[in-house]
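Here is what each chain is made of, one letter per residue.
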Amino acid sequence: MRWIKYRSFLFAGLFCLFSCDLPEEVYDNPLDLEYNAENGITPPALIFTPKESTVNVGESVSVNIFAMEVDSIAGTFIQVIYDNTRLALTNLTLGDILKSNVNPIFFYNDDSDNGLINIYASFLGDEIAASGTGTLAFLTFTTLSPGTSTIRFGNDSEFVDRNDNQIILNGLGTGVVIAQ
């Protein structure tokens, strides 16, 4: 009788072991410094969060432009390049890291014919600058057709300090939107 009892536990354990899918651990948090360093992006840097989004065609998708470990930014020019046959920009707003006691001058131009968004932000005054890690801008796209679209930063993207000295960016991430 004892053997039957143990055999039942043994079969139940083996059944669970062979029939259960074990989750694979994935370490690809786009805000993780170690993960980004392994992918050639070290601060100060620009990345997109989330790194990948999947939505249905015709739906909206939100993408954030995230600055990693920046120091004393007084002005920014960020160029975003996207696939204008698959995505259309529907909204762009100022991110949290640029909001201090005084909001910066902030504007953008969406050249939808060429899939380029030029974002400009600047603080007026000697003592106002942005530092740290946080969201620079919130973008919302509508998906136009099925497929995979890569969103990336243009190489001309830059930050400057209050003396108009360029702050070197050590990495520019990419984002992916998959429309089904």
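Residues numbered from 1 in each chain as written. Predicted model: local features only at pLDDT ≥ 70, side-chain atom pairs only at ≥ 80, totals over all residues. Heavy atoms only, no water.

## Concerning unusual backbone geometry
Working note: non-glycine residues mostly have negative phi, and peptide bonds are mostly trans.
Consideration 1: In this model, Thr49 is joined to Pro50 through a cis peptide bond whose omega is -10 degrees.
Consideration 2: Following the sequence through the fold, Pro50 ends up in the loop between strand S1 (45-49) and strand S2 (52-55).
Consideration 3: Even without being a glycine, Ser72 presents a positive backbone phi close to 55 degrees.
Consideration 4: Tracing the backbone through its elements, the reader meets Ser72 in strand S3 (residues 60-73).
Consideration 5: Using a relative accessible area of 25% as the deciding quantity, one classes Ser72 as partly exposed. (Helix = DSSP H or I, 4+ residues; strand = E, 2+ residues; numbered from the N terminus. Buried < 20%, exposed > 50% of the residue type's maximum accessible area, 1.4 Å probe, protein only.)

## Quick notes on the packing of aromatic side chains
Consideration 1: Taken as a whole and assessed by the stated rule, the structure comprises four aromatic pairs.
Consideration 2: An angle of 55 degrees between the planes, with centres 5.3 Å apart, marks the rings of Tyr82 and Phe141 as tilted. Here Tyr82 is found in the loop between strand S4 (75-81) and strand S5 (87-94), whereas its partner Phe141 is found in strand S8 (residues 130-143), with 59 residues between them in sequence. Taken individually, Tyr82 and Phe141 each receive the classification buried, so the pair is uniform in this respect.
Consideration 3: Through a chain of ring-to-ring contacts, three or more aromatic side chains come together here, namely Phe77, Phe107 and Tyr120. (Phe/Tyr/Trp six-rings, centres within 6.5 Å; stacked < 30°, edge-to-face > 60°.)

## Focus on the nonpolar core
Consideration 1: In this structure, Ile65, Phe141 and Phe159 are the most contacted members of the largest nonpolar core, which totals 34 residues.
Consideration 2: Listed by contribution, the elements that provide at least two residues to this core are S1, S3, S4, S5, strand S7 (116-122), S8 and strand S9 (147-153).
Consideration 3: Looking at this core element by element, the count peaks at six residues for S3.
Consideration 4: In this structure, Phe159 is in contact with Leu46, Ala67, Val70, Ile73, Gly75, Thr76, Ile78, Leu136, Asn165, Gln166, Ile167 and Leu169, ignoring residues within four places of it in sequence. (Core = buried A, V, L, I, M, F, W, Y, C linked by side-chain atoms within 4.5 Å. Contact = heavy atoms within 4.5 Å.)

## Focus: the pattern of salt bridges
Consideration 1: Overall, the coordinates contain one salt bridge when judged by the stated rule.
Consideration 2: Across the pair Arg86 and Asp83 runs a salt bridge, and its minimum N-O distance is 3.5 Å.
Consideration 3: Take Arg86: its relative accessible area is 24%, and that puts it in the partly exposed class. (Salt bridge = Lys/Arg side-chain N within 4 Å of Asp/Glu carboxyl O.)

## Brief notes about the pairing of S8
Consideration 1: With 10 of 14 residues buried, S8 lies mostly within the body of the structure.
Consideration 2: When S5 meets S8, the two strands line up antiparallel, connected through seven bridges. Across the sheet, residue Thr93 finds its bridge partner in S8, namely Phe138. (Pairing = 2+ DSSP bridges.)

## A short note on the side chain of Ser149
Consideration 1: Along the chain, Ser149 falls in strand S9.
Consideration 2: Under the relative-accessibility criterion, Ser149 is labelled buried at 2%.

## Some points on the sheet that holds S1
Consideration 1: Strand order in this open sheet of five strands is S5-S8-S3-S1-S12, and the pairing throughout is mixed. At either margin of the open sheet sits one strand with a lone partner, and together these are S5 and strand S12 (171-172).

## A few points about the pairing of S7
Consideration 1: With seven bridges connecting them, S4 and S7 associate as antiparallel partners. Looking at S7, one finds that Val80 is bridged to Ile117.
Consideration 2: Relative to S7, strand S6 (residues 105-111) is paired through seven bridges, and the arrangement is antiparallel. Paired with Tyr108 across the two strands is Ile119, which belongs to S7.
Consideration 3: The antiparallel pairing of S6 with S7 creates a hairpin that spans four residues between the two strands, and Gly115 there sits at a positive phi of about 65 degrees.

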